[in-house]
Amino acid sequence: MTFRIRSDLDSLPVYVPGKTFPGALKLASNEVTHGPLPAVAEAIAQAAAGVNRYPDNAAVALTEELAKTLGVTPAEVQVGCGSVTLCQNLITVTSGPGDEVLFGWRSFETYPLATRIAGATPVQVPLTGDAVYDLDAMADAITERTRLIFVCNPNNPTGTVVSAQTLRRFLERVPDDLLVVLDEAYYEYMRLSPGHAYDALELRREFPNLVVLRTFSKAYGLAGLRVGYAVAHSEVIVALGKAHLPFSVNSVAQAAAVAALGAQNQLLARTDAVVAERDRVTSELRTLGYAVADSQANFVWLMLGDDAVPFAAAAAEAGVILRPFAGDGVRVTVTHREENNVFLAFARKWRTR
Ligand SMILES: *Cc1c(COP(=O)(O)O)cnc(C)c1O
């Protein structure tokens, strides 16, 4: 049968679910290994008792908590069903056929897919040799048709960040009516030295075209509940509100996110252990002779080229699920010492095979 489905979707890849098996160590999706804190689990149980009711479509309580925590107004915050949905909606409200969405590559796979679903054209600027977003080249790639720019920082899957200086220089070059989305899904794992640190929310005051995306899926440990948020100029938030799929942030997710914000000190304290492990795993891998990017996220990027797929396949045989990108590299989530050691044992064996 041939149905009346848009033929331009023919070239999009068919989604293939990641393979896993019982007992496998899953280091493929940048999740935290801890389950929810007791206070969060309690909020989830309470909210579950009320799922006969629709959720608050405006997520008022969560939006207000976020605004308070971030030092912005509720009119500058939009909650979404995961920040992937906000990526999608940012594309929807800015871009259509003939328009260009600009981002670095390799980067987050949602960007090219969502761009093409919207009928717009992805413009992918290669990363630098150190696997960092090349912001100078991206500024050069801006055209009349550019409608949206993504800067994934830290970048998924390489973990790298742009420097404060290049980011500022970039923002100064971007036309002030062109939105720049700083996707900070791994923000809580960044540990930049004082001279190199930057605060995206501060930068927004100077560059109102800056949109900051964050999520409860990573450091806050709520990947299964799907909550992310955008901080942006109120005009952008109004547009995002129009594209918002009604009731898509469910009531359990909203309650859990409020509780997680309440426990943020405890949750953020956990990131210190992951950061220490990230640095240990990176240096051990380099000692073994692997080319590993400088990561500021809860994962590391092994630049394996054509070995990426065979490496991940052999790891899976050894019971460790990783995320390969064919011909390019392998992304490995960093969790706690015991799990990381299982991966390192495999990595050591691979070198001496
Ligand atoms: C994980 C991730 C997200 C967050 O996704 P959610 O939809 O909030 O779970 C967003 N951007 C990047 C780059 C990510 O890696």
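Residues numbered from 1 in each chain as written. Predicted model: local features only at pLDDT ≥ 70, side-chain atom pairs only at ≥ 80, totals over all residues. Heavy atoms only, no water.

A. Expanded view of the pattern of salt bridges. As enumerated under the stated definition, the model contains 21 salt bridges in all. The partner of Asp-136 in a salt bridge is Arg-169, and the shortest N-O contact between them spans 3.0 Å. Taken together, the positions of Asp-136 in helix 5 (residues 135-140) and Arg-169 in helix 6 (residues 164-173) put the pair 33 residues apart, joining distant regions of the chain. Residue classification places Asp-136 among the partly exposed positions, given a relative accessible area of 32%. With its nearest N and O atoms 2.8 Å apart, the salt bridge here joins Arg-214 to Glu-184. In this pair, Arg-214 is assigned in strand 7 (residues 210-215) and Glu-184 in the loop between strand 6 (179-183) and helix 7 (200-206), connecting sequence segments 30 residues apart. Grouping residues by exposure puts Arg-214 and Glu-184 together as buried. Residues joined by salt bridges that share partners form a network here, namely Glu-277, Arg-280, Glu-284, Arg-337 and Arg-348. (Salt bridge = Lys/Arg side-chain N within 4 Å of Asp/Glu carboxyl O. Helix = DSSP H or I, 4+ residues; strand = E, 2+ residues; numbered from the N terminus. Buried < 20%, exposed > 50% of the residue type's maximum accessible area, 1.4 Å probe, protein only.)

B. Up close: the packing of helix 10 (residues 264-287) against helix 12 (residues 337-351). Contact geometry of helix 10 with helix 12 gives a least axis separation of 11 Å together with a crossing angle of 10°. By the angle between their directions, the pair helix 10 and helix 12 is classed as roughly parallel. Residues Glu-277, Arg-280, Val-281, Glu-284 and Leu-285 of helix 10 lie in contact with helix 12, whose contacting residues are Arg-337, Asn-340, Asn-341, Phe-343, Leu-344, Ala-347 and Arg-348. Per-class residue counts for the contact of helix 10 with helix 12 are five nonpolar, two polar and five charged. (Axes fitted to C-alpha atoms, helices over the stretch in contact; angles between N-to-C directions. Parallel < 35°, antiparallel > 145°, perpendicular 65-115°, else oblique. Contact = heavy atoms within 4.5 Å. Nonpolar A, V, L, I, M, F, W, Y, C, P; charged D, E, K, R; others polar.)

C. Summary view of the environment of Asp-134. Tracing the backbone through its elements, the reader meets Asp-134 in the loop between strand 4 (121-126) and helix 5. When its relative accessible area of 24% is taken as the criterion, Asp-134 is described as partly exposed. Sequence spacing of Asp-134 and Leu-167 is 33 residues, and the spatial spacing of their C-alpha atoms is 10.0 Å. Among all residues touching Asp-134, those that are not within four sequence positions of it are Val-125, Pro-126 and Thr-128.

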